[in-house]
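What the coordinates show
Single-letter residue listing:
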Amino acid sequence: MGFKCGLVGLPNVGKSTLFTALSSLPVERANFPFTTVEPNRATIPVKDDRLQKVAALVSSQKITPATLDIVDIAGLIEGASKGEGLGNRFLAHIREMDLLLHVVRGFSSPDVSHMPGEVDAVRDIEIVELELALADLFVLERRLERVQRQVEGGLKDFAKENELLARLSDHLNEGKPARSLPADNDEKKFMENLQLLTFKPVIYVVNIGEEEIAEEEAETAKAVRAFAKAEGAPVISICASLEGELEEMPVDEKLFYMEEYGLQEMGLNKLIRLGYDYLNLITFFTIKGEEATAWSVKKGTTARKGAGRVHSDMEKGFIIAEVISWEELLNLGSLTAAKDKGILRLEGRDYIIKDGDVMLFRFKV
Ligand SMILES: Nc1nc2c(ncn2[C@@H]2O[C@H](COP(=O)(O)OP(=O)(O)O)[C@@H](O)[C@H]2O)c(=O)[nH]1
Ligand SMILES: [Mg+2]
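The numbers attached to residues start from 1 for each chain and follow its sequence in the written order. A letter from A marks each chain and a number from 1 marks each ligand, given out in the order of writing. Residues qualify for local features only when their pLDDT is at least 70, as the model is predicted, and side-chain atom pairs are given and counted only at 80 or more; totals for whole chains, interfaces and linings, by contrast, use all residues. With hydrogens and water set aside, each side-chain value is computed from the structure's full complement of heavy atoms.

Whether a residue is near a molecule or strand depends on its heavy atoms: if one lies within 4 Å, it is near. In the vicinity of ligand 1 lie 16 residues, with Asn12, Gly14, Lys15, Ser16 and Thr17 positioned nearest. Contacts to ligand 1 include Asn12, whose backbone N or O atom sits 2.7 Å from an oxygen atom. Whenever a nitrogen or oxygen atom comes within 3.5 Å of another N or O atom, the pair is scored as a polar contact, on the condition that within protein one atom can donate a hydrogen and the other can accept it, and that pairs from neighbouring residues in sequence are kept only if both atoms are in side chains. Separating an oxygen atom of ligand 1 from a side-chain N or O atom of Thr17 is a distance of 2.6 Å. Helical segments are the DSSP runs of H or I of at least four residues, strand segments are the runs of E of at least two, and each set is numbered from the N terminus. At the level of secondary structure, the elements contributing two or more residues to the shell around ligand 1 comprise helix 1 (15-23) and helix 8 (240-248). Element by element, the count of residues in the shell around ligand 1 is highest for helix 1, at three residues. Class assignment of the residues belonging to the shell around ligand 1 gives a composition of eight nonpolar, seven polar and one charged. In this count, Pro and Cys sit with the nonpolar residues alongside Ala, Val, Leu, Ile, Met, Phe, Trp and Tyr, while Asp, Glu, Lys and Arg are called charged and the others, Gly among them, polar.

Take a look at the structure:
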């Protein structure tokens, strides 16, 4: 089970270019097969220096990084909520995602047509969000009808739900996403269960032109940032076409051009890290024989559930976990030293995994 990030946005904004760049990311010293399952789905490694260090310590022959799944969802056009273009299929794909990477066009190129005309990132976002909001409204209306009948029938319990649904549909009717509706925690839980498209977490990815890379922040990105503030959504600028080309180059050439363009860090890596954080993911490591692996779990995951991430048998037969932070392990120099010093802790099934834990699970089959 991977965490799925879906690339959405209008046609010709650079989704596929970004997808190709992301799926060509090198996997350092790993021999894990990062095969693209389908042309539009890829499993990409999450770069993590800690894993490299842990692996070196135990002389791992095999290093397997944590991964995210990226899906290039075919272009959305106005009317998708009514079944235009790929319509419903498109929306069904989005429903499966844990995180949306909403790509907007920042680059202006006379060679690449842009359907709504002039490049205007905020208007483009609003077009896409309106389609998603309309699809959500459709879901809500049916639910609202059902609830209203129950309220009228004297089933008072539903009054609160009825009120929230009405407020939410007003909000969506204004073309605003569910995620920006002011709501308390209970209401947020409820909305999450509705599986609304506009409630999914989103990161806005502004695909800027090469000439804008060296700028602190491009004008388009600034406008998007101002817009995204209301939703509390992060914004990142990337020049997808250039980054894709850089990833194809030998390292020294890549570094040369990064400097030439004033690119301090690859935007692709920044994007993955941002997505990882935004999904509230943490990493733990396992060492088995000559294999070191990084695993992603949501913050708050217990040792037993974490074991299940590795293998379902390990969750079912979970006995105990031996735990040490990656840093402590590195300082002590070996697992044996950690055991001898009593620093390798024993933790039960309900232990909450911490970011950077090295976990050795004991289980019965
Ligand atoms: N100049 C420029 N062109 C780009 C950039 N990113 C993508 N393109 C071009 O825009 C066109 C559409 O890109 P594509 O990734 O297929 O867009 P999609 O429809 O959103 O998947 C292609 O011709 C790309 O080469 C960019 O950063 N700069
Ligand atoms: Mg495409």
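Definition used in this section: a nonpolar core is a set of buried Ala, Val, Leu, Ile, Met, Phe, Trp, Tyr and Cys residues joined via side-chain atoms within 4.5 Å. With a 1.4 Å probe rolled over the protein chains alone, any residue whose accessible area is under 20% of its type maximum counts as buried; one over 50% counts as exposed, and the rest are partly exposed. Ranked by internal contacts, the top residues of the largest apolar core, which has 80 residues, are Leu18, Leu22, Leu68, Leu101, Tyr204, Val205 and Leu271. With residues near it in sequence (within four places) discarded, Leu22 still touches Ile44, Ile70, Leu268, Leu271 and Ile272. In terms of nonpolar packing, the next biggest core, distinct from the first, is built from 16 residues, Leu137, Leu140, Leu194 and Phe199 among them. Any pair of residues with heavy atoms lying within 4.5 Å of one another is described as a contacting pair.

Of all seven residues in strand 12 (residues 357-363), five are buried, a share of seventy percent or more. In this scheme, strands are said to pair when DSSP sees at least two bridges between them. Sheet topology note: the strand 10 (residues 318-325)/strand 12 ladder contains seven bridges and is antiparallel. Within the sheet, the bridge partner assigned to Ile320 lies in strand 12 and is Arg362.

Before going further, it helps to spend a moment on the domain arrangement of the chain. In this document the domain limits rely on a domain assignment from an automatic tool or a database. As far as domains go, the chain holds domain 1 (4-46 + 67-113 + 200-278), domain 2 (126-198) and domain 3 (300-363). If you look at the interface, domain 1 gives 20 residues, while domain 2 gives 16 residues. Each salt bridge in this description consists of a side-chain nitrogen of Lys or Arg and a carboxyl oxygen of Asp or Glu lying within 4 Å of one another. The interface formed by domain 1 and domain 2 holds one salt bridge in total. Between Glu231 and Arg179 there is a salt bridge, with the nearest N and O atoms lying 2.8 Å from each other. Taken together, domain 1 and domain 2 are joined by five residue pairs in polar contact (both at pLDDT 80 or more).

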